[in-house]
Amino acid sequence: VGRQLMEEAVVSTQSTGGRYDKGIIHVTESFAVPHQETDEEVCMGMDYAMRISEMQKKVNTNMYTVGWYSSGIQINDYSNLIHSFYKIQFPSPIHLTLDTALNKEQKMKINTHITLPIGVKNGTEGCIFTPVPHEIKGSEADQVCLKFFQGLKGNKKTPNFNDPEQIVQSCDDMTSQINVILGYVKQVLSGEVAVDKEVGRQLMEVVQAIPNLESDTITNMLNSHMQDLLAVEYLTYLTRQQLAIGARINQIL
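Because the structure is a prediction, the values reported are computed rather than measured.

**Q** Help me get a handle on the overall build of the chain, residues and values and all.
**A** Across its full length, the chain holds six helices and seven strands. Each helix and strand of the chain, ordered N terminal to C terminal, gives the series β-β-β-α-β-α-β-β-β-α-α-α-α. Every one of the 253 residues in the chain was classed for burial, and the buried ones make up 17%. Taking the contacts inside the chain whose residues are at least 6 apart along the sequence as the reference set, 49% of them involve residues at least 24 apart. Carbon and sulfur atoms make up 57% of the accessible area of the chain, which totals about 20,100 Å².

**Q** Describe the pairing of strand β4 (residues 64–71), and please don't skip the residues or the numbers.
**A** Two strands pair when backbone bridges link them, and β4 and strand β5 (residues 94–98) are joined in this way by five bridges, in the parallel orientation. Within β5, the residue paired with S71 across the bridge is L98.

**Q** Can you break down the nonpolar core residue by residue, with the values?
**A** Grouped together as the largest cluster of nonpolar side chains are eleven residues: F31, V33, V42, M44, A49, I52, W68, Y78, I82, F85 and Y86. Contributing elements (two or more residues each) for this core: β2 (24–37), β3 (42–44), α1 (46–59) and α2 (77–87).

**Q** Before we move on, could you go through the packing of aromatic side chains and cite the residues and values that matter?
**A** Tallied over the entire structure, the rule returns two aromatic pairs. Here W68 and Y86 contribute two aromatic rings whose centre-to-centre distance is 6.2 Å and whose plane-to-plane angle is 5°, an arrangement assigned as stacked. Note that W68 is positioned in strand β4 and Y86 in helix α2, a separation of 18 residues in sequence. Neither residue differs from the other here; W68 and Y86 are each classed as buried. When the centroid spacing of 5.0 Å and the interplanar angle of 70° are considered together, the rings of F85 and Y86 count as edge-to-face. Taking relative accessible area as the criterion, F85 reaches 8% and is therefore assigned buried. Among the residues examined, Y86 registers a relative accessible area of 1% and is labelled buried. One aromatic cluster is present, built from ring pairs that chain together W68, F85 and Y86.

**Q** Break down the confidence of the model for the chain for me, citing the residues and quoting the values.
**A** Averaged over every residue, the pLDDT of the chain is 77; residues scoring 70 or more account for 85%. Across the chain, element-level confidence peaks in β5 with a mean pLDDT of 86 and bottoms out in strand β1 (residues 10–21) with 52. Below a pLDDT of 50 lies the segment residues 1–13, which in the model reaches 36 contacts outside its immediate sequence neighbourhood of four places, other chains included.

**Q** Which residues make up the environment of S92, and what are the values?
**A** By the element assignment, S92 lies in the loop between α2 and β5. Separated by 25 residues in sequence, S92 and G67 place their C-alpha atoms 8.1 Å apart. For S92, the contacting residues outside a window of four places in its chain are I25 and I114.

**Q** With reference to specific residues and values, describe the side chain of H95.
**A** Mapped onto the elements of the fold, H95 is located in strand β5. In contact with H95, other than residues within four places in its own chain, are W68, Y69, S70, I75, S79, H83, N111, T112, H113 and F129.

**Q** Now, about a negative patch on the surface: what can you tell me, with residues and values included?
**A** Taken together, the side chains of E37, D39, E40 and E41 present a region of like negative charge at the surface. A relative accessible area of 43% places E37 in the partly exposed class.

**Q** Could you give me a rundown of helix α5 (residues 197–209), with the residues and numbers involved?
**A** An ideal rise of 1.5 Å per residue puts 18 Å on 13 residues; α5 measures up with 18 Å between its terminal C-alpha atoms. The residue sitting at the N-terminus of α5 and contributing the capping side-chain oxygen is D196; that oxygen lies 3.1 Å from the backbone nitrogen of E198.

**Q** Could you give an account of the side chain of T97, naming the residues involved and the relevant values?
**A** Checked against the element boundaries, T97 lands in strand β5. With residues near it in sequence (within four places) discarded, T97 still touches S70, G72, I73, I75, K109, I110, N111 and H113.

Rules behind the numbers
Residues numbered from 1 in each chain as written. Predicted model: local features only at pLDDT ≥ 70, side-chain atom pairs only at ≥ 80, totals over all residues. Heavy atoms only, no water. Helix = DSSP H or I, 4+ residues; strand = E, 2+ residues; numbered from the N terminus. Buried < 20%, exposed > 50% of the residue type's maximum accessible area, 1.4 Å probe, protein only. Contact = heavy atoms within 4.5 Å. Areas by Shrake-Rupley, 256 points an atom, 1.4 Å probe, with all protein chains shown as cover. Pairing = 2+ DSSP bridges. Core = buried A, V, L, I, M, F, W, Y, C linked by side-chain atoms within 4.5 Å. Phe/Tyr/Trp six-rings, centres within 6.5 Å; stacked < 30°, edge-to-face > 60°. pLDDT = per-residue confidence, 0-100. Patch = residues over 30% accessible without salt bridge, like charges linked within 9 Å, V, L, I, M, F, W, Y side chains within 5 Å. Salt bridge = Lys/Arg side-chain N within 4 Å of Asp/Glu carboxyl O. Lys, Arg positive; Asp, Glu negative; His and termini not counted. Charge placed at Lys NZ, Arg CZ, Asp CG, Glu CD. Expected span 1.5 Å × (residues − 1). Polar contact = N/O pair within 3.5 Å; in protein donor to acceptor, adjacent residues only side chain to side chain.

Put into structure tokens, the structure is as follows:
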């Protein structure tokens with residue numbers, strides 16, 4: 001493991017960031033750590049990984065490195081070597097393997113592992129990768145993006161990222177879902193469908209999650225959000241112009 005890797009790197013090894021809460025590790029972010037693997041040795045940019053990890057902590061103090069992941073489902077001697085590095089940052093790091101080769105169901109297989117010590121006391125010692133259960137959860141924003149890209153499957157045309165059209169499509173989908181729910185509620189009230197307490201409880205949670213706001217308050221919130229968005233776009237434009245000016249100056253010099 002050394003710095004010579006930075007000259008010729010193959011991005012495959014990743015570092016995952018998250019938080020630990022009541023025995024559960026929440027993986028929320030990740031960043032690439034360049035590495036190079038041959039038949040005889042493996043090199044990894046440890047300095048790079050440490051710097052990026054420190055920068056993430058400055059942005060979010062509750063975020064720290066909890067493990068690493070790599071493409072492929074095989075675990076070999078190099079996996080143990082890389083895992084030892086992440087033990088320095090986290091007592092029991094998670095190793096996540098992602099099989100990029102789609103299976104028959106057209107899905108990528110994901111496995112999560114931790115290491116357990118093995119061997120004889122005061123003798124030869126080692127560790128073994130043991131699978132641990134995991135669950136994949138996505139926010140509503142993530143689900144909207146995934147659904148959009150799933151709709152592009154088989155479409156060779158350039159996708160249209162028009163925000164108003166996406167909002168209209170999302171509203172249409174939400175309206176369709178509401179109509180399905182209303183139809184179910186009417187069937188329950190009329191006795192056509194048996195009462196399901198679990199469904200009723202979930203519907204009550206959805207209704208209670210809706211904020212009770214006046215129309216003027218919602219309008220002010222939207223206007224404030226729009227002003228923030230315009231400010232970000234303006235700063236982005238200034239940054240691009242500054243970079244373009246810097247590039248031209250470098251060409252002249």
